[in-house]
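Fold and geometry: a report
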Amino acid sequence: MADGAYDIVVLGGGSGGYACALRAAELGRTVALVERDALGGTCLNRGCIPTKALLHAAEVADQTREAAAVGVRAVFEGVDIDAVHAYKDRVVATTVKGLTGLIRSRGIEIVPGTGRLTGPTTVAVSGPDGERTLTGRHVVLATGSEPRAVPGVEVDGERIITSDHALRLGKVPASVIVLGGGVIGVEFASVWRSFGADVTIVEALPHLLPLEEESSSARLERAFRRRGIAFRTGARLSEVRPTPGGVSAVLADGSAIDAELMLVAVGRAPVTDGLGLDAAGVATERGFVVVDGHCRTSVPTISAVGDLVATPQLAHVGFAEGILVAERLGGLDPRPIDYDGVPRITYSAPEVASVGLTTRAARERGYEVDEVAYDLAGNPRSKILGTQGEVKVIAAVGGPVLGVHMVGARVGELIAEGQLIYNWEALPGEVASLIHPHPTQSEAVGEAHLALAGKPLHVRG
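The structure presented is a predicted model; accordingly, all values stated were derived computationally and were not measured.

This paragraph deals with the pairing of strand β13 (residues 246-251). Of all six residues in β13, six are buried, a share of seventy percent or more. Bridge count between strand β12 (residues 237-243) and β13: six bridges; the pairing is antiparallel. Bridge assignment links Leu237 to a residue of β13, and that residue is Leu251. Linking β12 back to β13 in an antiparallel pair, the connection comprises two residues. Bridge count between β13 and strand β14 (residues 256-259): four bridges; the pairing is antiparallel. What sits directly across from Val247, in β14, is Ala259. Here β13 folds back onto β14, and the loop between the two strands holds four residues, one of which, Gly254, carries a positive phi near 95 degrees.

Here it is in structure tokens:
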């Protein structure tokens, strides 16, 4: 093809963009990947990976404090935040380096700079080497998301910060107000509490993690109370005032919460400014690019994936969407994604993991449901780990499993089995017949299904 002309031009090198590029190259397509920052996007550089590195450091801090409970003599002397950041940044840097090498090895051209649509098949890139125009038989938009703003709350990067600032914060704050009790807010609250900060979460909806099964949210809330993490649910912010020591959050009921910092964690908004969507005729709704089940936009030659579209804002969702688009453009016939069947994990202490429908959602869809919650207090491995929580399984009466919901240490590693159970429409009795290894937390999954199948061993009837 002519210079600057490709089968596919991908705008954005995050999970959705690089997955699309890699799969398309594997299918023999020529690909240009445009990225204005480091490859890996939000997940690798400002999201999943660095936050989980912080959460691991937080777990080590907690284990050190609690070492005497298992007979190990250890002294917790504090958190060296510079060393924590060095560890986090090392994990990120080595992963970015490996990803960059992989992409180059597949013959994909990495084009540094900011891209914008100038037509249905053309992209103008402004980069370190000046302006360049790329032409693709198809263009894939994968520009990701950024922290969502709150009207009337001015982020200054010092007293009022976003998750981007939090990942670079050069100190452990004495006290923090976390505005938003979703995944991002809950995870940072967990980190900061482990590092020694006083934390208060303010959430407008009735529960923390409001999209999760209600019993999972309740379990997390009980655990947070035990950890000393305060939270106000059903509370709306009225205004934020500066104070000599930081900020004061005034709530709608007139009460106020004072802290050194406020983290604004009310979700993420798609990055569309300057993308040229209007000029190219790409339809949007509530700021998101509108797509069908195969990620096709209103323009036949343009697709969109990841946080840019109104699907779950999860790196593995963008990854799957990128592969779906590459396979469709490669002449294959991929199936649309069942978003209910995508696992969801919050990496707080304790973790919350789920897949499938909540009880409420199942009933709203007309199912008569049967459900069992197996308490991890009966699981020996969980006792060894010192964790509390549950595995809750929801099934249609006489039918397949509709949802699996877990709370407890390390349950994020168990939800892959829940994904298989849900996506293969397994019956509780079919799962009950499987032998889970002992002693593992996975036995809790088996026990819950045994109970649903009518033969509970360690669940009281």
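Sheets are built from strands that pair by backbone hydrogen bonding, the pairs being arranged parallel or antiparallel. If you trace the five strands from one edge of the open sheet to the other, you get β20-β21-β24-β23-β22, paired in antiparallel fashion. The two strands at the open ends of the sheet, each matched to only one other strand, are β20 (344-346) and β22 (369-375). Each neighbouring strand pair of the sheet contributes to a mean axis angle of 10 degrees, computed without reference to strand direction. Relative to strand β21 (residues 351-356), β20 runs antiparallel, the two being bridged by three bridges. Looking across to β21, one finds that Arg344 is bridged to Ser354.

Counting residues in hydrophobic clusters, the biggest one holds 32 residues, and the most contacted among them are Val178, Trp192, Ile201, Phe224 and Leu263. Residue contacts for Ile201: discarding those within four places in its chain leaves Val178, Gly180, Gly181, Ala189, Leu208, Phe224, Ile229, Ala230, Phe231 and Arg232.

Further remarks concern the state of the cysteines. Simply put, disulfide is the name for a covalent bond between the sulfur atoms of two cysteines. Per the counting criterion, the structure on display carries zero disulfides. Cys20 provides the cysteine sulfur closest to Cys295, a residue in no disulfide bond, and the two sulfurs are 9.4 Å apart.

Rules and cut-offs
- Residues numbered from 1 in each chain as written.
- Predicted model: local features only at pLDDT ≥ 70, side-chain atom pairs only at ≥ 80, totals over all residues.
- Heavy atoms only, no water.
- Buried < 20%, exposed > 50% of the residue type's maximum accessible area, 1.4 Å probe, protein only.
- Helix = DSSP H or I, 4+ residues; strand = E, 2+ residues; numbered from the N terminus.
- Pairing = 2+ DSSP bridges.
- Axes fitted to C-alpha atoms, helices over the stretch in contact; angles between N-to-C directions.
- Core = buried A, V, L, I, M, F, W, Y, C linked by side-chain atoms within 4.5 Å.
- Contact = heavy atoms within 4.5 Å.
- Disulfide = S-S within 2.5 Å.

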